[in-house]
Amino acid sequence: MIRQTRVSNANMMNFSEKLGRFSLAIFIPMCLVLIISIVVLYSADGGSWHPFALSQLMKIIAGFVVFFVAAFTNIKLWIKSAYGIYAVALLLIILVTFVGHTGMGAQRWLNIGFIHIQPSELFKMALVLVLARYFAWMNSVELDKFKNYLVPTLMMLIPFALIVAQPDLGTAISIALITIGMFYIVGANKKWFIIGAILAVCAAPVVWFGGLHQYQRERIITFVNPDHDARGAGYQINQAKIAFGSGGIIGKGYMRGSQSQQSFLPEKQTDFIFTMLGEEFGFMGAFLLLFIYSVIVAVLFWAAKTCRNRFGQLVCFGFMLNFFIYYFINISMVLGLMPTVGVPLPLMSFGGSSLLSLMFGFGLCENAHIHKDQQLSAKGS
Amino acid sequence: MIDTEISKQFDRRSALFLTAGTVLTSVLVLRMLQMQVFNYKNYKKQSENNLFRIQINMPERGKILSRNGSPLSHDAPVYRIYIIPEEAPDLEALVNTVATDLNLTKKRVDNIWKKIKKQPKFQPVLVSENTNWDKLAGIQAKNLAGLHVESGYARVYEMGPAGAQFFGYVGAPERAVPNNPFYTHGISGMEKQFNETLSGVPGQTVMITNAVGRVTGEDKHQFRTPIIGNDIQTTVNDVIQRKLYDALTMHRAGCGVVLDIENGDILALVSTPSFDPNNFSNDDADEYIDGLRHDFAKPFMNKVFEGLYPPGSTFKIVVALAALESGAVTPNETVFCPGYWDYGDRRYHCWEAHGHGKVNLIGALKHSCDIYFYQLALRIGIDAIKTMAVRLGMTEKYITDIVQKQMAGIIPDRKWKESNIGAPWVHGDTIISGIGQGFILVNCMQLAVMMARVASNKRVIPRIINDGTIPKFENMGLKKTKYVLEGLEEVLKKGGTASGSAININGAKMGGKTGTSQVRSISKAERLSGVLTNEQLKWNLRNHGLFVGYAPTNAPKYAVCVITEHSGSSGPAARTVSTIMKELLGEGKK
């Protein structure tokens, strides 16, 4: 076995070479979703740029800066700083747990001057990065050793516990799934997953009674039985279903979504933006977005598969997982297939943290794609 | 580069992700199809229910008009004052100010607070419903935040208690009408019977609401203007109606009806004790209604149609006419009245214990001699009496399309007694029928119609709705009414049973017949012990007093029947009729 980490230095590419390798297949679908997001937020504002659309446009512009920086910097920078980024993200999670701003019954925001950041959104991207960094230079023998998974498990479990305590069930589930997915793709022994599943089932009652807040329990009960409390916890999801279903095939028309426009639909600009899209543009609109999302997932998978270095491959694959889990949880939730857990719709929902961390992720994938033929060492030298 | 084993493993394991991704995405697409395509209609309906709140706008209700066009019942604009709690900076101060300015009772204020605490803070709480302009202007000038005024209509009953059972009233339905807290409809009487005509067509304002029910706008396309209700033109004379009520309230209970003989117009109809529907919207309405319910004199009963009374001596008109028409008696044939008459094994008494001496038909009517009519009844038999009573309309119901609850009463015959009492008809039954006692029961309207038909010799049928036509009544073909009418004129002359109630308005005089009907039979023991006077009897055991009259005697135009319950004698009834006749014939117009 040749240790990849010992392979020769990457030849430094100049900017025009990088530009030549820049993948529009990653860039264009991302831009399409961002355009749709501004269109829908403009309607969520009731046909105005305020308070959401313009603010989000500004964030998108900032996001593009992040994207291009992430895309065109030397990939070694990210290899070197992966643990550092993880440490910062973890620190923010710890901070938000103790001094965070409470919103919607959960401590999720950190106020830094005039910016509210949601560390858990940033953390997802940091996790992908650090796991890619951790596994990229292991050979198949190392990858088959159980002890090599203990550190990444801890890297996930510590923030997982803190995020559950916030409580932010959606993000917690997301990071657990990302980690499990990463373990699987790098080649962890299949038996461990079966044992892990059995342990999870045993732990469920403990989590139910000890780990979950009353409102979370209620949401899950409401999910199982939506009529349990049609005016309370079930209200939100019922209204969302009415809004989405009443959109029909072609929708009620742009800015004519009566449910959304008359604020029957709670959180229409954030977690429930897909519902609003479905109400105003119908099945056609909702399906189009889902289609673009699927294209993005396919392109990211293609980027992972064609990447000739392990780090880039794992970054692309991890981000693909993250992206898919993001929108799958959000859409299943607003369509009533899952309890409402509070996960934004990627690139669509109003809010900066998720957008910036996602565009950073897209930038990294673009970067990995640009550097796909580079041989990389663990030291990033 | 990635070593080949790891690369192969990536390919193998990623297949699972691709499969899972495809399956999960398909689940989302199927769910979207299910919601937006297959269940679309269901969701669409729910979405519409969510969105709109329909507010019904009640139109002005039609008026019930008197014969000269003045309103008996009509809608008057009122101002409903309500509070929207969330808009008031100091809710307690606002409620206190409103309570003081509008003189709200403590009970009402307590109710307001109860509502404020129960409802969401943006929902209006009704403070006062019938606020007049003066009070409103005063409170509006203060420009209080959270206080709102809405104009609407409230029913005003010009007649008050006079004929309230007949005209009826409006009120909220038992089950609240959705979207329309101020909806009212006819609850009783004409208001109920003509509700469709009177109520018009409600309009609607469709408000767009948000998730919590807060109104955010109006859907102008769905707006409908209310259409004002139609008026009902009655035959009622509001002046006479009031007079009749005032006169009757001098007695504990009773009823009366005034007919225009020429066209059957009901000029007035009153039942007492009564109730004033104007009080139903007062703060203490509950206590008021409760009191009425417990009144054993039955204020809610329309006694003109529902009250059944033995006609007493007023029935002698029928017996006299039956006998004359059949030729069984001549006007001049006399009977000797010693105060009693023995027939079979029973002694029949005259009301005048000393007797009337020799009386003919006219004298017997004038003095209301019982002995004469006992013998006359026996001579012609119950069938002839019944035939005449039927011809005179005493078994019919009138204006049934308007007054559905009616008691037609009883004019008995052999068959009736056999099937209802289970005993054969005996001569005694015929004899007491001669003075309107026994099984005979009639209502006030039937007596008035009988009087009208005898006085006019026409088959008068009463009406209350003036549709502009002049009804033509068929001739009764009675040959001998003039003798009966002569007797009825004598009743009000000197020595007659109602001589004290005689009238003479520019030569126009009244004829009529008194009646006292026994509520119970006076027993032999009581009679022997010196006879209890009516004053000594408990009120509800005393005799009813009746009077049927017509005027003017030379060209009969009006027929009136008044019954005073348990008044002991017919005097109060006769005096009431007299008062009304004076008014009708013009004395009241001076």
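Below or above, wherever it landed, is the structure these notes cover. (Residues numbered from 1 in each chain as written. Chains lettered and ligands numbered in written order. Predicted model: local features only at pLDDT ≥ 70, side-chain atom pairs only at ≥ 80, totals over all residues. Heavy atoms only, no water.)

1. Focus on the overall build of chain A
Right, so step 1: When helices and strands are tallied, chain A shows 15 helices and three strands.
Right, so step 2: Counting over 381 residues, chain A shows a buried share of 59%.
Right, so step 3: In chain A, of all internal contacts separated by at least 6 residues, the share reaching a separation of at least 24 is 74%.
Right, so step 4: On chain A, roughly 15000 Å² of surface is accessible, and the fraction owed to carbon and sulfur atoms is 71%. (Helix = DSSP H or I, 4+ residues; strand = E, 2+ residues; numbered from the N terminus. Buried < 20%, exposed > 50% of the residue type's maximum accessible area, 1.4 Å probe, protein only. Contact = heavy atoms within 4.5 Å. Areas by Shrake-Rupley, 256 points an atom, 1.4 Å probe, with all protein chains shown as cover.)

2. Looking at the pairing of strand S3 (residues 71-83) of chain B
Residue and element names in this part refer to chain B.
Right, so step 1: Judged by how many residues are buried, S3 sits mostly within the fold: ten of 13 residues are covered.
Right, so step 2: Looking at chain direction, strand S2 (residues 64-65) and S3 are connected through two bridges and run antiparallel. Opposite Ile64, over in S3, you have Ser73 as the bridge partner.
Right, so step 3: Between the end of S2 and the start of S3, which pair antiparallel, lie five residues, with Gly69 showing a positive phi angle near 95 degrees.
Right, so step 4: Of the strand pairs in this sheet, S3 and strand S5 (residues 147-157) are connected by eleven bridges, and their pairing is antiparallel. Paired with Ile83 across the bridge in S5 is Leu147. (Pairing = 2+ DSSP bridges.)

3. Things to note about the nonpolar core
Right, so step 1: In this structure, Phe135, Phe274, Tyr293, Phe311, Phe323 and Leu347 of chain A are the most contacted members of the largest nonpolar core, which totals 124 residues.
Right, so step 2: The leading source of residues in this core is helix H14 (residues 310-334) of chain A, at 18 residues.
Right, so step 3: Those residues in contact with Phe274 of chain A, other than ones at most four positions away along the chain, are Phe244, Ala286, Leu289, Asn330, Ile331, Val334, Leu335 and Leu345 of chain A together with Met32 of chain B.
Right, so step 4: Of all hydrophobic cores here, the second largest spans 114 residues; its members include Met190, Ala320, Leu376 and Leu485 of chain B. (Core = buried A, V, L, I, M, F, W, Y, C linked by side-chain atoms within 4.5 Å.)

4. Things to note about the environment of Val454 of chain B
Residues and elements named next belong to chain B.
Right, so step 1: Note on placement: Val454 falls in helix H17 (residues 444-456).
Right, so step 2: Between the C-alpha atom of Val454 and that of Lys480, which follows or precedes it by 26 residues, the distance is 9.8 Å.
Right, so step 3: Dropping the residues within four chain positions of it, Val454 is found in contact with Ile317, Leu321, Leu392, Thr481, Val484 and Leu485.

5. Considerations on the packing of H14 of chain A against helix H15 (residues 352-370) of chain A
Residues and elements named next belong to chain A.
Right, so step 1: Where H14 meets H15, the axes come as close as 9 Å, and the angle between the chain directions of the two elements is 145 degrees. When you trace H14 past H15, the crossing you get is left-handed. Residues Gly312, Val315, Cys316, Phe319, Phe323 and Tyr326 of H14 touch H15, and the partners they reach there are Ser354, Leu358, Gly361, Phe362, Leu364, Cys365 and Ala368.
Right, so step 2: Of the residues that constitute the contact of H14 with H15, the class distribution is ten nonpolar, three polar and no charged. (Axes fitted to C-alpha atoms, helices over the stretch in contact; angles between N-to-C directions. Left-handed = near helix turned anticlockwise from the far one by under 90°. Nonpolar A, V, L, I, M, F, W, Y, C, P; charged D, E, K, R; others polar.)

6. Some points on the sheet that holds strand S21 (residues 558-564) of chain B
Residues and elements named next belong to chain B.
Right, so step 1: Taken in spatial order, the five strands line up as S12-S11-S21-S20-S19 in an open sheet, and their pairing is antiparallel. Each edge of the open sheet carries a strand with a single partner, namely strand S12 (266-272) and strand S19 (511-517). Within the sheet, the average angular offset between the axes of one strand and its neighbour, ignoring direction, is 5 degrees.
Right, so step 2: Two elements, strand S11 (residues 254-260) and S21, share seven bridges in a ladder whose sense is antiparallel. The residue of S21 that forms the bridge with Gly254 is Thr564.
Right, so step 3: The strands touched by helix H18 (residues 481-491) within the sheet are S19 and strand S20 (544-551), with S19 carrying the most contacts at an inclination of about 75 degrees.

7. Observations concerning the interface of chain A and chain B
Right, so step 1: Contacts between the two partners involve 61 residues from chain A and, on the opposite side, 37 residues from chain B.
Right, so step 2: Connecting chain A to chain B are one salt bridge.
Right, so step 3: Asp11 of chain B is paired through a salt bridge with Lys305 of chain A; the nearest N and O atoms lie 2.9 Å apart.
Right, so step 4: On the surface where chain A and chain B come into contact, there are eight residue pairs in polar contact (both at pLDDT 80 or more).
Right, so step 5: Among the secondary structure elements, those contributing two or more residues to the side of chain A that touches chain B are helix H6 (140-143), helix H8 (169-186), helix H9 (190-211), helix H11 (233-245), helix H12 (258-261), helix H13 (273-306) and H14 of chain A. (Salt bridge = Lys/Arg side-chain N within 4 Å of Asp/Glu carboxyl O. Polar contact = N/O pair within 3.5 Å; in protein donor to acceptor, adjacent residues only side chain to side chain.)

8. Regarding the pattern of salt bridges
Where charged atoms from two side chains of opposite charge come close, those side chains can pair.
Right, so step 1: Applying the stated criterion across every chain yields a total of 29 salt bridges over all chains.
Right, so step 2: The network of salt bridges with common partners includes Arg61, Asp75, Arg155 and Glu191 of chain B.

9. A word on the environment of Gly468 of chain B
Right, so step 1: Locating Gly468 of chain B in the fold gives a position in the loop between H17 and H18.
Right, so step 2: Sequence separation of Gly468 of chain B and Gln233 of chain B is 235 residues, and the distance between their C-alpha atoms is 9.3 Å.

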